[in-house]
Amino acid sequence: MGQLSVCVVGSGYVGLVTGTCLAELGHHVVCVDSDAKKLASLKAGKVPIYEPGLPELFKKNVKAGRLRFAPSVKDGMEGKGWRAQLVFIAVGTPPRPDGSADLSAVEKVAEEVARNLKDYTILIDKSTVPVETGEWVAKTVSRINKKHVPCDVVSNPEFLSEGSAVQDFLKPDRIVLGVSSARAEKVMRELYAKVEAPVLVTDVKSAELIKHASNSFLATKISYINAVASLCEKVGADVAQVAHGMGLDRRIGPMFLRAGIGFGGFCFPKDLEAFHWIAKQKGFDFHLLKAVKEINEQQKAWVIRRIEENLWNLEGKTVALLGLAFKPHTDDLRFAPAVDIVRMLHERRVRIRATDPVAMARAKASSELKGVVFCKDAYACAKGADALVLVTEWPQYKDLDFKRVSKLMRNPLVLDGRNLYDPQKLRRLGFTYRGVGRP
Ligand SMILES: NC(=O)c1ccc[n+]([C@@H]2O[C@H](COP(=O)([O-])OP(=O)(O)OC[C@H]3O[C@@H](n4cnc5c(N)ncnc54)[C@H](O)[C@@H]3O)[C@@H](O)[C@H]2O)c1
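Quantities reported herein were computed from a predicted structural model and do not represent experimental measurements.

## Some remarks on the overall build of the chain
Phase 1 of the analysis: In terms of regular secondary structure, the chain is built from 17 helices and 16 strands.
Phase 2 of the analysis: Taken over the C-alpha trace, the chain has a radius of gyration of 23 Å; the compact-globule value for 439 residues is 22 Å, and the two agree within 12%.
Phase 3 of the analysis: Its C-alpha atoms give the chain principal-axis dimensions of about 75 × 50 × 35 Å.
Phase 4 of the analysis: Across the 439 residues that make up the chain, the buried fraction comes to 49%.

Following this line, the structure appears as structure tokens:
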């Protein structure tokens, strides 16, 4: 089995996990990042993100000499006696105001790679991109690659979830390879030879679409159950029971059927928008995706509606938020529902207290969370609050001592944005309890 030389450009949540896991599979990897602070941290042996299991693999592979770091694509592609056979693009593809994906970082990397081509190289897009990006990347390379050094562009979308990224990478449900040559397919299969997972080989465009279509489908499932939850609230039914009953049908399955205050993160919201945008560009109005987004926006406003229902005027009242990260087991705050909730509460001049087990450093540095009082734990957060909102279902918040919480709060109102708690238990303790889609 071959040991390949790999350069991964962009060392964020995806790039660093990709680079570290490929090193763990035995390949020689150089991770590149243009952020000097991030690079300094990596070179100092520190993983700059919270991702369970990553620091251990990172240290092991750095020590083994299989994982190194470089400040530029040029340095990442070539060093002493070393040349990358494969270059991954794992840079960010953030949303533009019109919903389209900003692919300028992808283009920049493609240009840099083209300038440094010397021998056959496979340029792999791992960032989430709209269909036809592979064609643009190939055109960009051709424009600069005047010597016609052979280069194949591959789409290898990443399906990892933050919080379980290492496991997801090493034990994925499938590996998708969008290729345009048998030569590239052979090397890509070799790269992943040690990973036990079905390998699906497609054309480049289909691979790009698999990623957008998958994320948008999962987002649709979440909004669907949230819409059902809204109906449950109107008629006094319990969405947890409805979802359970639906999920027992193997054609539906139980996953992504948990009602709550909506999805967030760096993937679902922007991928949904970008998928809608590219479909429109191509002349197809994928309006289902618009509804998915609208339902998700309404879910985030659920917190505000419920607080207003219970507390009347909000100005000067205190709301405590448990959890800030967009989901448990990550420190990622990008497009987190908590950020929108804070904005809506600020608009109503509410005093906000908040806590999170791992995202506090990022939260304190975030301009979007200015004015929030950060507390060391759930109890400190509950102190003097008129409402306690569970935003992120961290396991730490599951078994709180609610008798203690009740004594700390000014008004015993719990809004369970993730349906984590037992409504009867909280009501017995004297709380006014509201869950999403629960009686
Ligand atoms: N985060 C996830 O859970 C996830 C999962 C699957 C796919 N994706 C996709 O993967 C891509 C990366 O996401 P992420 O969460 O890792 O983003 P990220 O912001 O954590 O990482 C991107 C990194 O690229 C670096 N970078 C930007 N331009 C560069 C350049 N020209 N040269 C070198 N480095 C550069 C940035 O400094 C940053 O460290 C996105 O397209 C995203 O949609 C993300």
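## What to know about the nonpolar core
Phase 1 of the analysis: In terms of nonpolar packing, the biggest core is built from 134 residues, with V9, L321, L388 and V389 touching the most fellow members.
Phase 2 of the analysis: There are two domains that each give this core at least three residues, and those are domain 1 (5–202) and domain 2 (215–435).
Phase 3 of the analysis: If we ignore the near neighbours within four places in the chain, the residues touching L321 are A338, I341, I352, A354, V389 and V391.

## A word on the domain arrangement of the chain
Phase 1 of the analysis: By the assigned domains, the chain splits into domain 1 (5–202) and domain 2 (215–435).
Phase 2 of the analysis: Among the residues forming the side of domain 1 that touches domain 2, the class breakdown is nine nonpolar, four polar and two charged.

## Points about the environment of A378
Phase 1 of the analysis: Tracing the backbone through its elements, the reader meets A378 in helix α15 (residues 378–382).
Phase 2 of the analysis: Residue class for A378 comes out buried when judged on the 22 C-beta atoms lying within 10 Å of it.
Phase 3 of the analysis: The sequence separation of A378 and A274 amounts to 104 residues, and the corresponding C-alpha distance is 36 Å.
Phase 4 of the analysis: Contact partners of A378, with chain neighbours within four places excluded, come to L322, T355, Y397 and L400.

## A look at the pairing of strand β11 (residues 318–322)
Phase 1 of the analysis: The element β11 is largely enclosed, with a buried count of five among its five residues.
Phase 2 of the analysis: Residues T318, A320 and L322 line one face of β11 and the alternating positions V319 and L321 line the opposite face, and both faces are buried.
Phase 3 of the analysis: As defined by bridge partners, β11 adjoins strand β12 (residues 351–355) across five bridges and the pair is classed as parallel. Residue pairing across strands places A320 opposite R353, the latter belonging to β12.
Phase 4 of the analysis: What joins β11 to β12 is helix α13 (residues 337–347), and the crossover it makes is right-handed.

## Here's the deal with the packing of helix α9 (residues 204–235) against helix α10 (residues 239–247)
Phase 1 of the analysis: Here α9 crosses α10 at 135°, and the two axes come no closer than 9 Å. The angle between the axes of α9 and α10 places the two elements in the oblique class. As for how α9 packs across α10, the hand of that crossing is right-handed. Counted together, I225, V228, A229 and C232 of α9 and V239, V242 and A243 of α10 form the full contact between these two elements.
Phase 2 of the analysis: Among the residues forming the contact of α9 with α10, the class breakdown is seven nonpolar, no polar and no charged.

## A look at the site of the ligand
Phase 1 of the analysis: If you check the shell around the ligand, you find 26 residues, and the closest are G10, G12, V14, S127 and T128.
Phase 2 of the analysis: Those elements that provide at least two residues to the shell around the ligand are α1 (13–24) and α5 (104–115).
Phase 3 of the analysis: Per-class residue counts for the shell around the ligand are 11 nonpolar, nine polar and six charged.

## Thoughts on the sheet that holds β11
Phase 1 of the analysis: Pairing in this open sheet of six strands is parallel, and the strands run β13-β12-β11-β14-β15-β16 from one edge to the other. For this open sheet the edge positions go to β13 (373–374) and β16 (432–435), each flanked by a neighbour on one side alone.
Phase 2 of the analysis: Where strand β15 (residues 413–416) meets β16, four bridges bridge the pair, whose relative direction is parallel. Each bridged residue has a counterpart across the sheet, and for V414 the counterpart in β16 is Y433.

## A short note on unusual backbone geometry
Phase 1 of the analysis: Despite not being glycine, F256 shows a phi value in the positive range, around 60°.
Phase 2 of the analysis: If you trace the backbone, F256 turns up in the loop between α10 and α11 (268–281).
Phase 3 of the analysis: Among the residues examined, F256 registers 16 C-beta atoms within 10 Å and is labelled partly exposed.

## Here we look at helix α3 (residues 54–63)
Phase 1 of the analysis: Looking at α3, one finds that the buried residues are L57, F58 and N61. Along the axis of α3, the buried residues cluster in a sector spanning 105°; they form a single face. Of the exposed residues in α3, the ones pointing more than 90 degrees away from its buried face are E56 and K63.
Phase 2 of the analysis: Where α3 is buried, its residues touch α1, β3 (67–70) and α7 (165–170).

## Side note on the pairing of strand β1 (residues 5–9)
Strand residues, when the strand is regular, have side chains that alternate between the two faces of the sheet.
Phase 1 of the analysis: Taken across its five residues, β1 has four buried, putting it largely inside the fold.
Phase 2 of the analysis: Sheet topology note: the β1/strand β2 (residues 28–32) ladder contains five bridges and is parallel. Within β2, the residue paired with V6 across the bridge is V29.
Phase 3 of the analysis: You can see the chain leave β1, run along α1 and come back into β2, and the turn it takes is right-handed.
Phase 4 of the analysis: In the sheet, β1 pairs with strand β6 (residues 86–89) via four bridges, with the strands oriented parallel. Within β6, the residue paired with V9 across the bridge is I89.

Each value, and the rule that gives it
- Each chain has its residues counted from 1, following the order in which its sequence is written.
- Given that this is a predicted model, residues contribute local features only at a pLDDT of at least 70 and side-chain atom pairs are listed and counted only at 80 or more, while totals for whole chains, interfaces and linings are drawn from all residues.
- What counts as a helix is a DSSP run of H or I of at least four residues, what counts as a strand is a run of E of at least two, and both are numbered from the N terminus.
- Here the radius of gyration uses the C-alpha set of atoms, whereas the globule reference equals 2.2 Å times the residue count to the power 0.38.
- Labels follow a simple rule on C-beta atoms placed from the backbone: if 20 or more others lie within 10 Å of a residue's own, it is buried; if 12 or fewer, it is exposed; otherwise it is partly exposed.
- Nonpolar cores are built from buried Ala, Val, Leu, Ile, Met, Phe, Trp, Tyr and Cys residues. These are joined into a set through C-beta atoms within 7 Å.
- Those domain boundaries reflect an automatic or database domain assignment.
- Residues are treated as contacting if the C-beta atoms built from their backbones sit within 7 Å of each other.
- Note on residue classes: Ala, Val, Leu, Ile, Met, Phe, Trp, Tyr, Cys and Pro are nonpolar, Asp, Glu, Lys and Arg are charged, and everything else, Gly too, is polar.
- Any two strands with at least two DSSP bridges between them are considered paired.
- Crossovers are described as right-handed under a simple rule: with the strands pointing away from the observer, the path leading from the first strand over the helix to the second runs clockwise.
- To obtain each axis, a line is fitted to C-alpha atoms, and for helices this fit is confined to the stretch in contact; angles are then taken between N-to-C directions over 0 to 180 degrees.
- For classification purposes, angles smaller than 35 degrees are called roughly parallel, those larger than 145 roughly antiparallel, those between 65 and 115 roughly perpendicular, and all remaining angles oblique.
- Should the near helix be turned counterclockwise from the far one by less than a right angle, the crossing is left-handed, whereas a clockwise turn marks it as right-handed.
- Whether a residue is near a molecule or strand depends on its C-beta atom, generated from backbone atoms, being within 6 Å of that molecule or strand.
- An arc is given here, and it is the one of the directions from the helix axis to the C-beta atoms.

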